[in-house]
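Notes for the structure review
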Amino acid sequence: MQELVKIIKNEAFTDSLVIAEGTGNQHESVTRLIKEQWKRIEKFGEIDFSDLKSGKRGRPIKVYKLNEPQATLLITFMDNTDLVADFKVELVYQFYQMRQLLWERQTEEWVQQRNHGKLVRSMETNVIKKLVEYAKEQGSTHASMLYMTYSKLANKMVRISNRDLATCQQLNELSFIENIILNQIRVGMDQGLPYKEIYQICKKRIEQFQEIAYLIAI
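Computed from a prediction, not measured in an experiment: that's the story for all the values here. By convention here, each chain's residues receive numbers from 1 onward along its written sequence. Reporting in this predicted model follows two pLDDT cut-offs: at least 70 for local features of residues, and 80 or more for side-chain atom pairs to be given and counted; totals over whole chains, interfaces and linings ignore these cut-offs and use all residues. To get the side-chain values, take all heavy atoms of the structure and skip hydrogens and water.

**Here's the deal with the layout of surface pockets**
Of the volumes computed, that of the largest pocket is approximately 620 Å³. Only DSSP runs of H or I with at least four residues qualify as helices, and only runs of E with at least two residues qualify as strands; both kinds are numbered from the N terminus onward. With 10 residues, helix H5 (residues 82–104) is the single largest residue contributor to the lining of the largest pocket. Taken together, the residues of the lining of the largest pocket break down into 10 nonpolar, eight polar and four charged. The pocket and cavity definitions rest on a 1 Å grid over protein atoms only: a 1.4 Å probe that fits but cannot leave marks a cavity, an open set with protein on both sides within 12 Å along at least five of seven lines marks a pocket, and residues lining either have an atom within 4 Å of a point. Grid points are joined across faces, edges and corners, and a volume is the space filled by probe spheres set on the points. Approximately 250 Å³ is the volume attributed to the second largest pocket. Secondary structure elements with two or more residues in the lining of the second largest pocket: helix H8 (168–190) and helix H9 (195–217). At five residues, the largest contribution of residues to the lining of the second largest pocket is made by H9. When grouped by side-chain class, the residues that make up the lining of the second largest pocket number five nonpolar, three polar and two charged. Three classes are used, and their members are as follows: Ala, Val, Leu, Ile, Met, Phe, Trp, Tyr, Cys and Pro are nonpolar, Asp, Glu, Lys and Arg are charged, and the others, Gly among them, are polar.

So, in structure tokens, the structure goes:
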């Protein structure tokens, strides 16, 4: 399922558009329910909103931002179809995960792991800088995109989109993966391999690492 909860200024929130899409309701129906239950929902904090442009000529859509108790209360007012019930479970679960992450980010272990990850990332970036020139020599016209290409690869393998929202375990795995990438790039360039083949080798080595890690874990 999609990302239902986001962190804004160290607090977890969802919004009325996410709830509408997840429950199969029109956004207007969800905002109407919010207005009907305004006083009850507002007991858990001020209800914030933002205007989202709906198109060149369309009127802005008022999107309501809801914290965990506000969103939890709102969805209790909805009828339980299978879709709505499944969404409720996922929303509660994602709020729980974000709460755990916010707590973890305050620990010394997380801070140290994040700082270590930044160091590894810096080393990887220096190697990719050399790969960019290497790729240009092989005729690449989009070599500068390699920074993004390898970042996306590492993030995808760890299943994250924002490193500041990664858990300690994900940060640790990310450091291993980026070490694999920088070492394989070095080896590939030393061997004179095509830059596209180096990427495929990196991807394969990461998959092998994750398979071994999984087998050890079970």
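Here the narrative resumes.
**Overview of the packing of helix H7 (residues 146–158) against H8**
For every element, the axis is a line fit to its C-alpha atoms; helices are fit only across the contacting stretch, and the angle between N-to-C directions ranges from 0 to 180 degrees. One way to put it is that H7 packs onto H8 with a least axis distance of 9 Å and a crossing angle of 140 degrees. Compared by their axis directions, H7 and H8 come out oblique. The crossing of H7 and H8 is right-handed. Seen from H7, the contacting residues are Tyr150, Leu153, Ala154, Asn155, Met157 and Val158; seen from H8, they are Gln170, Glu173, Leu174, Ile177, Glu178, Ile181 and Ile185. In terms of residue class, the contact of H7 with H8 is made up of nine nonpolar, two polar and two charged. For classification, angles of less than 35 degrees are called roughly parallel, those exceeding 145 degrees roughly antiparallel, those between 65 and 115 degrees roughly perpendicular, and all remaining angles oblique. Two helices crossing with the near one rotated counterclockwise from the far one by less than a right angle form a left-handed crossing, whereas a clockwise rotation gives a right-handed crossing. In this description, contact between two residues means that some pair of their heavy atoms is separated by no more than 4.5 Å.

**Some points on empty space enclosed by the protein**
One pass over the structure, following the stated rule, counts one cavity of 30 Å³ or more. The computed volume of the largest cavity comes to approximately 50 Å³. As for the largest cavity, its lining consists of Gln113, Arg114, Gly117, Arg163, Leu171, Leu174, Ser175 and Glu178. Those elements that place two or more of their residues in the lining of the largest cavity are helix H6 (108–137) and H8. Among the elements that make up the lining of the largest cavity, the one with the highest residue count is H8 (four residues). Here the residues of the lining of the largest cavity are counted per class, giving two nonpolar, three polar and three charged.

**Regarding the environment of Leu4**
Considering the arrangement of structural elements, one finds Leu4 in the segment before strand E1 (6–8). Between buried and exposed lies partly exposed: a residue is buried under 20% and exposed over 50% of the maximum accessible area for its type, with that area taken using a 1.4 Å probe on protein chains only. The buried category is assigned to Leu4, whose relative accessible area is 3%. Linking Leu4 and Leu33, residues 29 residues apart in sequence, is a C-alpha distance of 19 Å. Sequence-distant contacts of Leu4, defined by excluding residues within four places in its chain, comprise Phe13, Thr14, Val18, Phe87, Glu90, Leu91 and Gln94.

**Quick word on the pattern of salt bridges**
Any carboxyl oxygen of Asp or Glu within 4 Å of a side-chain nitrogen of Lys or Arg constitutes a salt bridge here. Scanning the entire structure with this criterion turns up eight salt bridges. One salt bridge connects Glu133 with Lys136, and the closest N-O pair in it is separated by 3.7 Å. Here Glu133 pairs with Lys136, and both are found in helix H6, just three residues apart, close to one helical turn. Notably, a salt bridge pairs Lys203 with Glu207, separated by 2.8 Å at the nearest N-O pair.

**Details of helix H1 (residues 16–23)**
Judged by how many residues are buried, H1 sits mostly within the fold: six of eight residues are covered. Along H1, the residues classified as buried are Ser16, Val18, Ile19, Ala20, Gly22 and Thr23. Buried positions along H1 lie against strand E2 (11–15), helix H2 (27–36), strand E4 (61–67), helix H4 (68–76) and H5. Residues adjacent in sequence count toward polar contacts only when both atoms are side-chain atoms; beyond that, a polar contact is any pair of N or O atoms within 3.5 Å, and within protein one must be able to donate a hydrogen and the other to accept it. One side-chain oxygen of the residue at the start of H1 lies 2.9 Å from the amide nitrogen of Leu17, identifying that residue as Asp15. Where H1 ends, the next residue or the one after it, Gly24, has phi of about 75 degrees, a positive value.

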